[in-house]
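# Summary of the model geometry
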Amino acid sequence: MVVLKTTRELSLMREACRISAGALKVAGEAVEPGVSTEEIDRIAYKYIKSQGAEPNFLNLYGFPATACISINDEVIHGIPSKKRILRQGDIVSIDLGAKLEGYNGDNAATFAVGDISDEAKRLIDTTRESLYKAIEAAVVGNKLGDIAWAVQGYCEERGYGVVREFTGHGIGKALHEDPSVPNYGKAGRGIRLLPGMTLAIEPMINQGTAAIKKLPDGWTIKTADGKLSAHFEHTVAITKDGPKILTLCD
Ligand code: MG
């Protein structure tokens, strides 16, 4: 069931989302060669707690950390570890969220560790841009498939693989609500977008093929071909005045 949010609920969500965005910002600022993913996770945790919020990934389905931190060919759900040290030339995806007053925010971005290759930059830029294309399509009267196709068309045209097995999602009192928001599909298909819907839109884009595999840790998702992957996400409200990105810093 898709829950439409009231104006009051949207303003509560905006606060949770603002904290989520702030946490992603400080986590991203900590990215540099030599830093462990555990250290980045700790920075995000402290920030969220300092704002009076709770890290909403922590212990969800048993996930052991505040942030999913995924390096290079890791697509999503990387587990922070003191053994995972960022190196010059890596790319790192950080996905995290905060819960405040019963409402959730969720956002993600891929960051460069020092100087990265032109190919890696192009992947990051394309993935980020595909998220904004999807947000532009998140307007009343459009359908869920318009969001999906905005990502798929843009990325496949540029030679990238669009991950199928994981999707964006509705978000509100629960971190994961209906509907699923796939990054592939047909324009004009699927449920109609209505004012008050809040969606976490999150393209996961591979440099090579779309195929993925899960590591034995039960969490980490990698590209099957070992090529790079990038991930961007915003929590977005659909309103009669157009899409509003909720996961923005002040
Ligand atoms: Mg999400």
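Figured I'd write up the structure that's included with this text.

Calculation criteria
- Every residue gets a number counted from 1 within its own chain, in the order that chain's sequence is written.
- Owing to the predicted nature of the model, reporting of local features is limited to residues with pLDDT of at least 70; listing and counting of side-chain atom pairs is limited to 80 or more, with chain, interface and lining totals taken over all residues.
- Side-chain descriptors were evaluated using all non-hydrogen atoms of the structure, hydrogens and water having been removed beforehand.
- Numbered from the N terminus, helices here are DSSP runs of H or I no shorter than four residues, and strands are runs of E no shorter than two.
- For every residue, the accessible area (1.4 Å probe, protein chains only) is compared with the maximum for its type, and the residue is labelled buried under 20%, exposed over 50%, or partly exposed between those bounds.
- In this analysis, two residues are considered to be in contact whenever any of their non-hydrogen atoms come within 4.5 Å of each other.
- Using a 1.4 Å probe, the Shrake-Rupley method yields the accessible areas, and only the shown protein chains count as cover for residues.
- A donor here means an N, O or S atom no more than 2.8 Å from the metal, or no more than 3.2 Å when the metal is Na, K or Ca. Since water is not included, a site may seem to lack partners.
- When DSSP locates at least two bridges between a pair of strands, those strands are taken to pair.
- Helix axes are fitted to C-alpha atoms over the stretch in contact, other axes to C-alpha atoms as well, and angles between N-to-C directions run from 0 to 180 degrees.

## Here we look at the overall build of the chain
Along the backbone of the chain there are four helices and 17 strands. For the chain, the spread of C-alpha atoms along the principal axes amounts to about 45 × 45 × 30 Å. Relative to its full complement of 250 residues, the chain shows a buried share of 54%. Excluding contacts between residues fewer than 6 apart, the proportion of contacts in the chain whose partners are at least 24 apart in sequence is 71%. About 10700 Å² of surface is accessible on the chain, with carbon and sulfur atoms providing 51% of the total.

## A short note on unusual backbone geometry
Asp178 connects to Pro179 through a cis peptide bond whose omega is 0 degrees. The residue Pro179 is located in strand 10 (residues 177–181) in this model. Of note in the backbone geometry, Asn59 takes a positive phi value of approximately 75 degrees without being a glycine. Examined against the element boundaries, Asn59 turns out to sit in the loop between strand 1 (54–55) and strand 2 (67–71). Backbone geometry places Tyr61, a non-glycine residue, at a positive phi of 55 degrees. Mapped onto the elements of the fold, Tyr61 is located in the loop between strand 1 and strand 2.

## Remarks on the coordination of the magnesium ion
Summarising the metal site, the magnesium ion is bound by the protein donors Asp106 (OD), His169 (NE2), Glu202 (OE) and Glu233 (OE), whose distances to it range over 2.1 to 2.3 Å. Sequence spacing among the residues donating to the magnesium ion works out to D-x62-H-x32-E-x30-E. Here Glu202, found in the loop between strand 11 (198–201) and strand 12 (204–206), pairs with Glu233, found in the loop between strand 15 (229–231) and strand 16 (234–239); they are 31 residues apart in sequence, far enough to count as distant. Relative accessible area serves as the criterion here: at 6%, Glu202 is assigned to the buried category. Note on Glu233: relative accessible area 1%, which makes it buried.

## Section: the environment of Glu54
Looking at where Glu54 falls in the secondary structure, it is placed in strand 1. A sequence separation of 120 residues divides Glu54 from Ala174, and the C-alpha atoms of the two residues are 13 Å apart. The residues contacting Glu54, other than those within four sequence positions of it, are Ile48, Lys49, Gly97, Ala98 and Lys99.

## Concerning the sheet that holds strand 11
Taken in spatial order, the five strands line up as 10-9-11-16-17 in an open sheet, and their pairing is antiparallel. Pairing within the sheet leaves two strands with one partner each, and these edge strands are strand 10 and strand 17 (242–245). Adjacent strand axes in the sheet meet at a mean angle of 25 degrees when their direction is disregarded. Where strand 16 lies against strand 17, four bridges are found, and the strand directions are antiparallel. Counted as the bridge partner of Ile238 is Pro243 from strand 17. On the sheet, helix 1 (residues 7–29) packs against strand 11, strand 16 and strand 17 and is oriented at approximately 160 degrees with respect to strand 16.

Coordinates in, geometry out; function isn't part of it.
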